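Understanding the architecture of this molecule
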Amino acid sequence: MNSSLLINISQLRVGMYIQLDIGWMHHPFPVSSFRIASAEQIETLRGLGLAEVRYFPKKSDPEFQEPSADVPAATVETEPAPSEPAAAASVDAETLRRRELLEAQNLALAACDQRFSAATRKYQTLERQVSDQPDEARICGEALVAGCVSELLENGDSVIRLLSEGVGERNGLHPVNVLVISLLLGRALGMTSDELHEVGIAALLHDLGKLKLPPNLRQPTASMIPMERTRYESHVGESVTLAKRMGLAEPVLKAIAQHHEMCDGSGFPLRLSGGELSRASQVLALVNRYDRMCNPANGVDALTPHEALSVLFAQLKSRFDSVVLGAFIRMMGVYPPGSIVQLVNDRYAIVASVNSSRPLRPKVIVHDSRVPKEEAPILDLETVPELGIRRSLKPSQLPRDALDYLSPRQRICYFFERAVSGGHDEGDL
């Protein structure tokens, strides 16, 4: 157990590991527990107007790990600490900056929520049109996909962001989720704009044939009798029929027809394998399976995003193209958005977003009882290199207070946004 001492602010030295016992809006550091790295940090600490700081000898540099009763004063020559009004002004400026960052963070999430919700409403319109107005349905779908492709290609690096609980229209959640992730994966694989458009249309429409099935047969279950299973599998052919009526291109029809085929021949309806499958269908099959693992019809069967990725790689690897699966894992990161994790300092967090070009350092929301959860900042782990993720957890493994605070999503929905360089989002640990 790491014991701590309260020391006078004048005794700070480079190499000491300290903790600031004040809220995240009242100091400028990305975390509240850290090892002092420079004289400039000491000056900033003295400017906060604190009388004492909590000091952890065992976490500090070796020369500070066996402190005497009288901890040596700092040897760094600094200017006198600012007067109380100056210190207060500094804190007020930092508080304002933090509030601006929090507002920007919330606005960015709201924008993603709104775009995703609008996409699910457009999908609803398409569903209503497809039987009697197939041309209008095609125009609606192509416009939706074209907008997403254009936005994705204009964004450069993209962040895959976890959306709010309850966002979007229910019957559009799966097709739009599969659309978004398929486009991101297609871009990671180097697909052209036209190829992205084709895989996007196929992703959006792949399950349209389920409109022809009774609700109880739209998701496979272990208890299905053979006749029910055959009826369920017929949705693939029904989806292709509707897509043909919409006048869609052959690559789109092929991807829809193959979205349940597996590279090892274990899929349906034709048990195709390997080289018989198009790249678009390989993308769609993988993304469709991932989303169904995270968002099954029966919520008790849901896997966390980290668990789903682990199962795909460790148990189902042979079913998917190795290039496509490798690109998917790199893109989503070891801990995809929505994963519940424990950090190396034992704090609990939920992964909020992953930059597809830097997937090992996601952004997380950290449980902190000192900060109201509606004001919880997003911590960019890239800005805190000494802090990382220790392990993934199931929501049931969280203490009650952390579970209530982090509120793991019942459904995992994603959208993308432009990546912001420089680590602007900060948090308090």
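This section reports on the structure supplied with the text.

Cut-offs applied
Residues numbered from 1 in each chain as written. Predicted model: local features only at pLDDT ≥ 70, side-chain atom pairs only at ≥ 80, totals over all residues. Heavy atoms only, no water. Helix = DSSP H or I, 4+ residues; strand = E, 2+ residues; numbered from the N terminus. Buried < 20%, exposed > 50% of the residue type's maximum accessible area, 1.4 Å probe, protein only. Contact = heavy atoms within 4.5 Å. Polar contact = N/O pair within 3.5 Å; in protein donor to acceptor, adjacent residues only side chain to side chain. Phe/Tyr/Trp six-rings, centres within 6.5 Å; stacked < 30°, edge-to-face > 60°. Lys NZ or Arg CZ within 6 Å of the ring centre and 35° of its normal.

1. Digging into the environment of Ala-302
Looking at where Ala-302 falls in the secondary structure, it is placed in the loop between helix H9 (279-294) and helix H10 (305-314). Assessed through its relative accessible area of 31%, Ala-302 is described here as partly exposed. Those residues in contact with Ala-302 that sit more than four places away from it in its chain are Met-293, Cys-294 and Pro-296.

2. Remarks on the environment of Ser-234
Topologically, Ser-234 is positioned in the loop between helix H6 (226-233) and helix H7 (235-245). Overall, the relative accessible area of 30% leaves Ser-234 in the partly exposed class. Distance in space between the C-alpha atoms of Ser-234 and Phe-268 is 9.7 Å, their sequence separation being 34 residues. In this structure the side chain of Ser-234 is engaged in a polar contact, spanning 2.5 Å, whose partner is the backbone oxygen of Arg-231.

3. What to know about the packing of aromatic side chains
All chains considered together, the criterion is met by 4 aromatic pairs. Their ring planes at 85° and their centres at 6.0 Å tell us that Tyr-17 and Phe-56 sit as a pair that is edge-to-face. Residue Tyr-17 is located in strand S2 (residues 17-19), and its partner Phe-56 is located in the loop between strand S4 (52-55) and helix H2 (84-129); the two are separated by 39 residues in the primary sequence. Residue Tyr-17 is classed as buried on the basis of its relative accessible area of 14%. Seen from the ring of Phe-56, Lys-59 lies directly overhead, with NZ or CZ sitting 5.7 Å from the centre.

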